Amino acid sequence: MSDLADGAQSEQARSTEPSAAEPPAAEPAAAEPSAAAPEAGEDTEPQTGKKKSNRPFWKELPLLIGIALVLALFIKTFLVQAFSIPSDSMQNTLQRGDRVLVDKLTPWFGSEPERGEVVVFHDPDGWLDDEPTPKPNAAQKFLSFVGLMPSAEEKDLIKRTIAVAGDTVECKKGGPVEVNGKALTEPYIFPGNSACDDMPFGPFKVPDGKIWVMGDHRQDSADSRYHTSDANKGFVPVSQVVGRAVVVAWPVNRWSVLSVPDTFDQPGISAAAGAAPGVLGLAGAVPFVLRRRRRLTAGRTAG
């Protein structure tokens, strides 16, 4: 009996001992020291746990200013430029001291001034020789160079385009301005002014690459009418046009869009449009004539 008991105890002891074929259970590895967690508010680089230093704002400021100036110069050169109105020649559409924004983008794509548009252009042939030019300080020169303020040194003018290349323009005393035989109704003329009584003109045909311009304050505007004896015969070369004035941006209470008056949309005012029916008729007749000639030729050959 005791032998059976001893045998049972021996089997139990053997079952509790680890098998030689089985590896001993691995002991839990000691926890490795971890990097200190970043305190609240500190930036860390991903996966490295290193602190990311923030540059002070005063170090970033010169870069921001440089980027802003480059963008301003780009905008002034290729997109939009501000101009200050120096005289009363465009009243009441524009007042002295108004700031207008001029579209400089579309001319890069071949756009040319159209009738009725208010345009800014460089002095074509000494129109402003008798006008004094202000002397800006260094700060004003720099700001105008990058486009942050209108230039005071550039001798630019602003007028309304009345006629373009190919048009015939004239104005007799007591009468309206006529373009290609069509009288213009001009609500933009300064109250009390006549269309051209102070300086009648024409008829003149506008040469290629030129425009005829006039101020809205007719009795206070030395425009194309007063320069017919200069090298350009009073016309403004399109190459001298800076761009179209599109918006009165300052002062705020005078904000407005400079749109083209309806009088320039009247039928028949465009010289090109007037010639178009004849051109289209000729183009339509050509196939008919050619077909008739073929038939006649074929008939003669067969006979």
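Scoring rules and cut-offs
- Residues numbered from 1 in each chain as written.
- Predicted model: local features only at pLDDT ≥ 70, side-chain atom pairs only at ≥ 80, totals over all residues.
- Heavy atoms only, no water.
- Pairing = 2+ DSSP bridges.
- Helix = DSSP H or I, 4+ residues; strand = E, 2+ residues; numbered from the N terminus.
- Buried < 20%, exposed > 50% of the residue type's maximum accessible area, 1.4 Å probe, protein only.
- Disulfide = S-S within 2.5 Å.
- Phe/Tyr/Trp six-rings, centres within 6.5 Å; stacked < 30°, edge-to-face > 60°.

Student: A description of the sheet that holds strand E5 (residues 168–171) should follow, citing residues and the corresponding values.
Tutor: Spatially, 4 strands are ordered E7-E6-E5-E8 in an open sheet, and the strand pairing comes out antiparallel. Where the open sheet ends on each side, the last strands, each with one partner, are strand E7 (182–183) and strand E8 (201–205). As judged from the 3 bridges shared by E5 and strand E6 (residues 177–179), these two strands associate in the antiparallel manner. In the sheet register, cysteine 171 faces E6, and the bridge partner there is valine 177.

Student: Pulling in residues and values, what's your account of the pairing of strand E4 (residues 156–164)?
Tutor: Along any regular strand the residues' side chains alternate between the sheet's two faces. Most of E4 sits inside the fold, with 9 of its 9 residues counted as buried. Inspection of the sheet shows strand E3 (residues 118–122) paired to E4 by 5 bridges, in the antiparallel sense. The partner of valine 120 across the bridge, within E4, is isoleucine 158. Looking at chain direction, E4 and strand E9 (residues 210–214) are connected through 4 bridges and run antiparallel. Within E9, the residue paired with arginine 160 across the bridge is methionine 214.

Student: Describe the state of the cysteines, listing the residues and the values that go with them.
Tutor: For the structure shown, the criterion picks out 1 disulfide. Through a disulfide, cysteine 171 is tied to cysteine 196; the S-S separation comes to 1.9 Å. On the S-S bond that ties cysteine 171 to cysteine 196, the torsion sits near -90°, and the link is left-handed. Here the residue cysteine 171 occupies a position in strand E5, and cysteine 196 occupies one in the loop between E7 and E8, the gap between them amounting to 25 residues. In terms of burial, cysteine 171 and cysteine 196 fall into one category: buried.

Student: Describe unusual backbone geometry, naming the residues involved and giving the relevant values.
Tutor: Residue glutamine 91 is joined to asparagine 92 through a cis peptide bond whose omega torsion reads -5°. Inspection of the secondary structure puts asparagine 92 in the loop between strand E1 (80–84) and strand E2 (99–103). In this structure, proline 203 follows glycine 202 across a cis peptide bond, with omega equal to 5°. Position of proline 203 relative to the elements: it lies in strand E8. Backbone geometry at asparagine 180 places phi at a positive 55°, although glycine is not the residue there. With respect to the helices and strands, the residue asparagine 180 is situated in the loop between E6 and E7. With a phi angle near 60°, lysine 233 is a residue other than glycine that sits in the positive phi range. Secondary-structure assignment places lysine 233 in the loop between E9 and strand E10 (236–237).

Student: Run through the packing of aromatic side chains, naming residues and quoting values.
Tutor: Applying the stated criterion across every chain yields a total of 6 aromatic pairs. Ring centres of phenylalanine 121 and tryptophan 127 lie 5.9 Å apart, and the angle between their planes is 85°; this geometry places the pair in the edge-to-face category. The exposure class of phenylalanine 121 is buried, given its relative accessible area of 0%. For tryptophan 127, a relative accessible area of 9% puts it in the buried group.

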